[in-house]
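Fold and contact review
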Amino acid sequence: MSDKMPNMDYDADEVIENFKSKLKWPKKDDTVEVVVTPPNIGMKILLSIAITIVAGAVVYYAFFPALNLKATDFYMYLFSLLAIFMVAFYTVCGARKKIERKEYVKRKSVVPIIIAAVLLLVMLVGWLVGASLFRARDYAELMSVETSDFSEDFESINYDEVPRLDSVTAKVLADQQLGYLDEYMSQYVVTQNSTQINYNGTPVRVAYLEYADFFRWLNNTKDGLPAYMLIDLVSQKVQVVNCIDQFGEGIKYSPTELFNEKLLRHLRFQYPTALMDTPNFEIDDNAHPYWITPVLDKTIGLFGGTDVKGVIITDALNGESDYYSIDTVRSDSSLNWIDVVYSEHLVVQQYNYHGRLSHGFWNSVFFQKDVNVTSNGSGNIALDDDVWVYTGVTSSESDASNFGFILVNQRTKETRYYKNGGAMESSAQQSARDAVQNYGYNAIFPILLDIEGQPTYFMSLYGDSYTVKGYALVNLEDKTIVGTGLLDVAKSDAKALNAAVENYIDALKDKGKVDESANAEDYKVDETEAETPAADETPAPAAETTQPEQGTVTGVITDIKTSVNDGNTVYYLQLDGGTYYYLKVTDAMEVLLLNVGDTVTVTADAAATGSFVPATGISQS
């Protein structure tokens, strides 16, 4: 028996707390997890699925993702379906109001979360399998590049047949032309997305119209877009092609439409799994409008190695579509009218893969042996009845010069590399601007020509209004050799071109680039050709066999419009809300100083009638 006395110093509170702990009484802040299965759970699951199907259909109609495992949009769509189901199930079960049902929904949400995690894992593995770190050679071989001879290939490109407008200046002309057509100008606008094609052997840009706003769409969508714009890049003439008059109906399917007539949605319903690039608006040899939509494939891993595997040709009038493989497009002569299958962005991306990764991924990062990329910017030229992308090639460290350039056929992806180094395009543009700095003109992105065996940048010069003001030629190897011709001096487009080539060849002679036998006459264009506008353009003076009798008309200017025809700025002055009298700036410089509200006296043909009457002189009263 122990001789120690027990501790009799008890505390009543301590005894009670000890007793509670032994009985495991819950504390005030303890919670008891209760999981209760909602009644009629089977019906609730079916209802949640039905809600998901309906909401998913709405999401699919709004965003029309490709149902393709190689499309990231498809995974985003699946994630949205999972999210919709979870929200619907949470709501249908009444989990917001009853905590015991909330716990049930949480437990059942494990399945959608696992599905989402699996999808993310698939995306991650698919991306890793196609990463350039592991597949550098495959990326480099997306494009096959052949070295070619500049003098041989460019010999067939005529100096007087090269494009003189880019997409921006072409749109300005199209906007001006649309402004003269009262039935169109308040309802439609010209799209920013024109396509350069070869039409009957001539480089042109075609641009579709867009509805000015929702209410204009509501008012006109039944008949579709009535016309499209055809801009001749050489003559700088703009033609409005009326589809209703020429083909019996308007353009019913386009990016500017809504609902089922929206082009990409219309194509998605026809080709639900296709990975589609941006559609290009083109016309065939009969001026019939079509949409050319490249169909893409991811050839490396799940998301890498983008390439074109075919095209969808869609009739812009009735929406009928046909799919052709890329091999068929390249070989079938009946499809040669198609010009743009490979976008400029895609071919530049593929060449950059080729230039960077031909010697492996780590070489592109550390050693950079023979690593090269395209220079900033690209242009288009017509060659062999196809449209080719032109861009310079420089080192990955962005040297101040190019050591070559490439041409890529936008229909076949044939790629040619030329070892002709010299000034970068941006440097050539700056040389052209410097040559006319007192005028403040800018230069469009240049294209290359062969002038006396010399690779030569050709570019148009434009002013603040984005209308052509002249031309410049800059030597590729020596950017200080420049020749310019200005419309303000030469007074006509042809004379300005001839002045540019004459000044350029003189500069070549001065620098010893060519011998004295070089003759500018070999490149000059005919200055005696009649400069008449194309069909559907602003009316020109009717042909007369005798000099018309001149008269004068005095009135208040109520509207002023301008256009550029064959490089000449033309002003159209509406007097007293009636007839427009038009004349070239070079015929009457005073027109530059006139404003709406001025009273003027116009000299014009006394017998002329109609909405547009040619004028020969003007004075302010």
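Please refer to the structure higher up on the page.
In this report, we go over the structure that sits alongside the text.

About the cut-offs
- Residues numbered from 1 in each chain as written.
- Predicted model: local features only at pLDDT ≥ 70, side-chain atom pairs only at ≥ 80, totals over all residues.
- Heavy atoms only, no water.
- Axes fitted to C-alpha atoms, helices over the stretch in contact; angles between N-to-C directions.
- Helix = DSSP H or I, 4+ residues; strand = E, 2+ residues; numbered from the N terminus.
- Parallel < 35°, antiparallel > 145°, perpendicular 65-115°, else oblique.
- Left-handed = near helix turned anticlockwise from the far one by under 90°.
- Nonpolar A, V, L, I, M, F, W, Y, C, P; charged D, E, K, R; others polar.
- Phe/Tyr/Trp six-rings, centres within 6.5 Å; stacked < 30°, edge-to-face > 60°.
- Lys NZ or Arg CZ within 6 Å of the ring centre and 35° of its normal.
- Buried < 20%, exposed > 50% of the residue type's maximum accessible area, 1.4 Å probe, protein only.
- Contact = heavy atoms within 4.5 Å.
- Salt bridge = Lys/Arg side-chain N within 4 Å of Asp/Glu carboxyl O.
- Polar contact = N/O pair within 3.5 Å; in protein donor to acceptor, adjacent residues only side chain to side chain.

1. Observations regarding the packing of helix α2 (residues 41-63) against helix α3 (residues 72-92)
Contact pair α2 / α3: the axes reach a minimum separation of 8 Å and the direction vectors enclose 140°. Overall, the two elements α2 and α3 adopt an arrangement that is oblique. Judged by the twist between their axes, the crossing of α2 over α3 is right-handed. By residue class, the composition of the contact of α2 with α3 is 16 nonpolar, 4 polar and 1 charged.

2. Some remarks on the packing of aromatic side chains
Counting across every chain of the model gives 28 aromatic pairs. Grouping aromatic residues by their ring pairs yields a cluster made of F150, F154, Y390, F405, Y418 and F445. Geometry around Y61 places R265 over its ring, the cationic atom sitting 4.4 Å from the centre.

3. A few points about the side chain of K44
Secondary-structure assignment places K44 in helix α2. Taking relative accessible area as the criterion, K44 reaches 16% and is therefore assigned buried. Excluding its chain neighbours within four sequence positions, the residues that come into contact with K44 are P38, P39, F89, V92 and C93.

4. Brief notes about the pattern of salt bridges
By the definition in use, this model includes 16 salt bridges. The partner of D327 in a salt bridge is R330, and the shortest N-O contact between them spans 3.8 Å. Taken together, the residues D327 and R330, both in helix α13 (residues 326-331) and 3 residues apart, mark about one turn of the helix. Looking at R330, the relative accessible area reads 34%, which means it is partly exposed. Salt-bridge contacts for D386 lead to R411; the nearest nitrogen and oxygen are separated by 3.1 Å. Of this pair, D386 sits in strand β14 (residues 386-395) while R411 sits in the loop between β16 (404-409) and β17 (415-418), and the two are 25 residues apart along the sequence. The exposure class of D386 is buried, given its relative accessible area of 6%. By relative accessible area, R411 is classed as buried at 8%. Ionic contacts of the salt-bridge type, sharing partners, join the residues D153, D384, E414 and R416 into one network.

5. A few points about the environment of Y580
Residue position: Y580 is located in strand β26 (residues 580-584). Sequence-wise, Y580 and P614 are 34 residues apart; in three dimensions their C-alpha atoms are separated by 8.5 Å. Within the structure, Y580 has its side chain in polar contact with the side chain of D559 (distance 2.6 Å).

Read these as geometric descriptors, not functional statements.
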